[in-house]
Amino acid sequence: MIIIDDKYISDEVIEEQFVCNLSACKGACCVAGDCGAPLEKQEIKTLKKIFPKIKSYLREEGIQEIAATGTHTIDDEYGYVTPIVNKGICAYAVIDEHGIVGCGIEKAYNDGVVNFKKPISCHLYPIRIKKYESFEAVNYDRWDICAPACRNGKKLQVPVYRFLKEALIRKYGDEFYSVLDKIAKKAKP
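The rules we used
Residues numbered from 1 in each chain as written. Predicted model: local features only at pLDDT ≥ 70, side-chain atom pairs only at ≥ 80, totals over all residues. Heavy atoms only, no water. Helix = DSSP H or I, 4+ residues; strand = E, 2+ residues; numbered from the N terminus. Rg over C-alpha atoms; globule rule 2.2 N^0.38 Å. Buried < 20%, exposed > 50% of the residue type's maximum accessible area, 1.4 Å probe, protein only. Contact = heavy atoms within 4.5 Å. Areas by Shrake-Rupley, 256 points an atom, 1.4 Å probe, with all protein chains shown as cover. Lys, Arg positive; Asp, Glu negative; His and termini not counted. Charge placed at Lys NZ, Arg CZ, Asp CG, Glu CD. Pairing = 2+ DSSP bridges. Axes fitted to C-alpha atoms, helices over the stretch in contact; angles between N-to-C directions. Parallel < 35°, antiparallel > 145°, perpendicular 65-115°, else oblique. Nonpolar A, V, L, I, M, F, W, Y, C, P; charged D, E, K, R; others polar. Polar contact = N/O pair within 3.5 Å; in protein donor to acceptor, adjacent residues only side chain to side chain. Salt bridge = Lys/Arg side-chain N within 4 Å of Asp/Glu carboxyl O. Core = buried A, V, L, I, M, F, W, Y, C linked by side-chain atoms within 4.5 Å.

(A) Focus on the overall build of the protein. Counting its secondary structure elements, the protein contains 10 helices and eight strands. The globule rule puts the C-alpha radius of gyration for 189 residues at 16 Å, and the 17 Å found for the protein is close to it. Taking the principal axes of its C-alpha atoms as reference, the protein extends roughly 50 × 40 × 35 Å. Residues counted as buried form 47% of the 189 residues belonging to the protein. For the protein, the proportion of contacts with a sequence separation of at least 24, taken over those separated by at least 6, is 66%. Accessible surface computed for the protein: about 10800 Å², of which carbon and sulfur atoms make up 50%. Of the charged side chains in the protein, 28 are positive and 27 negative; the average position of the first set lies 4 Å away from that of the second.

(B) Examining the sheet that holds strand S7 (residues 127-131) more closely. Spatially, S1-S2-S8-S7 is the arrangement adopted by the four strands of the open sheet, whose pairing is mixed. Here the strands that pair on one side only, and so sit at the sheet edges, are strand S1 (2-4) and S7. Each neighbouring strand pair of the sheet contributes to a mean axis angle of 20 degrees, computed without reference to strand direction. Bridge count for S1 against strand S2 (residues 7-9) is three bridges, and the pairing is antiparallel. Bridged to Ile 4 within S2 is Lys 7. Helix H10 (residues 174-187) rests against S1 and S2 of the sheet, and its axis sits at about 150 degrees to S1.

(C) How the structure looks around the packing of helix H9 (residues 165-172) against H10. It is the contact of H9 with H10, at a shortest axis distance of 7 Å, that shows an interaxial angle of 130 degrees. Between H9 and H10, the angle falls in the class oblique. Here Lys 165, Leu 168, Ile 169 and Tyr 172 of H9 lie close against H10, whose contacting residues are Asp 174, Phe 176, Tyr 177 and Leu 180. By residue class, the composition of the contact of H9 with H10 is six nonpolar, no polar and two charged.

(D) Geometry of the side chain of Lys 7. You can see Lys 7 is positioned in strand S2. A distance of 2.6 Å separates polar atoms of two side chains, one belonging to Lys 7 and the other to Asp 6. Leaving out residues up to four positions away in the same chain, Lys 7 has contacts with Ile 2, Glu 136, Val 138, Tyr 172 and Phe 176.

(E) Focus on the pattern of salt bridges. Within the structure shown, the criterion is met by 11 salt bridges. A salt bridge links Glu 106 to Lys 117, with the shortest nitrogen-to-oxygen separation between them at 3.7 Å. Highlighted residues: Glu 106 in helix H5 (residues 104-110) and Lys 117 in the loop between H5 and helix H6 (120-124), separated in sequence by 11 residues. What makes Lys 117 buried here is its relative accessible area of 13%. Measuring nitrogen to oxygen at the nearest pair gives 3.1 Å for the salt bridge that ties Lys 118 to Glu 106. Here Lys 118 is found in the loop between H5 and H6, whereas its partner Glu 106 is found in helix H5, with 12 residues between them in sequence. Owing to a relative accessible area of 15%, Lys 118 belongs among the buried residues under this scheme. Each of the salt bridges in this network shares a partner with another, and the network as a whole consists of Glu 106, Lys 117, Lys 118 and Glu 166.

(F) A look at the nonpolar core. By size, the foremost hydrophobic cluster in this structure holds 25 residues, and its most contacted members are Ile 9, Phe 18, Ile 127, Tyr 161, Leu 168, Phe 176 and Leu 180. The set of elements that each furnish at least two residues to this core consists of S1, helix H1 (12-15), H6, strand S8 (136-140), helix H7 (147-156), helix H8 (160-163), H9 and H10. Counting residues per element, this core draws most heavily on H10, at four residues. Setting aside chain neighbours within four positions, we find Ile 127 in contact with Val 13, Val 138, Asn 139, Val 160, Leu 164 and Leu 168.

Encoded structure:
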C-alpha cells in the first residue's frame, strides 16, 4: 500500500501493467456493467451545461435515454452515474465505423466544442476510487473484458499508473503524480 496525503493507493497501481487495446475489446467498458460510469458531484452540473453542445455527437438512442432520464441517474452502489441504454451501453457512447465504442463527450472535447474531456471515472479506468470519511482508496479494478489491455501492457511494459498519467494528473495534480512516480521507480526491482 502506498500512502500519499489522504490517498491510499493499491500496490497493483504501480505493479500491474495495462494499455487499452481497443481493436481487441472494442470499448467494452462503455457497454458492459450494471450501471453507467460513476460521476462526481460537479460533473453532474457540467453534463447538464454541456449537453446541448455535445448532443449532435451522440447516438439517437443515447439522446432519447437522456431525454427520458436526465443527464445522469442514481445507482444504489455508485451514486450518481451516466444513464445507460437498454441496461447496457452508456448514453454518451458513440460507435465508429470499425465497431469500436468511444465517448461522444470526448469527441466533442477533441473537436474543441467543450472543455470537459469525459467523466473522471472513465478517464481513470482501470483505476477506481472509493471515498471514505478521511481518505480515498485508489485501487486497480480487474475486469475480464480488459484482458487484452493487460496483455498489451505486459508486452509494452507500461504500468497502470503510467498509462493513466494524464488522468491521475487531472484528478490529483502534478505533484501527486511526481511523488507516485518516484515511489514506483524506487519499488521497481
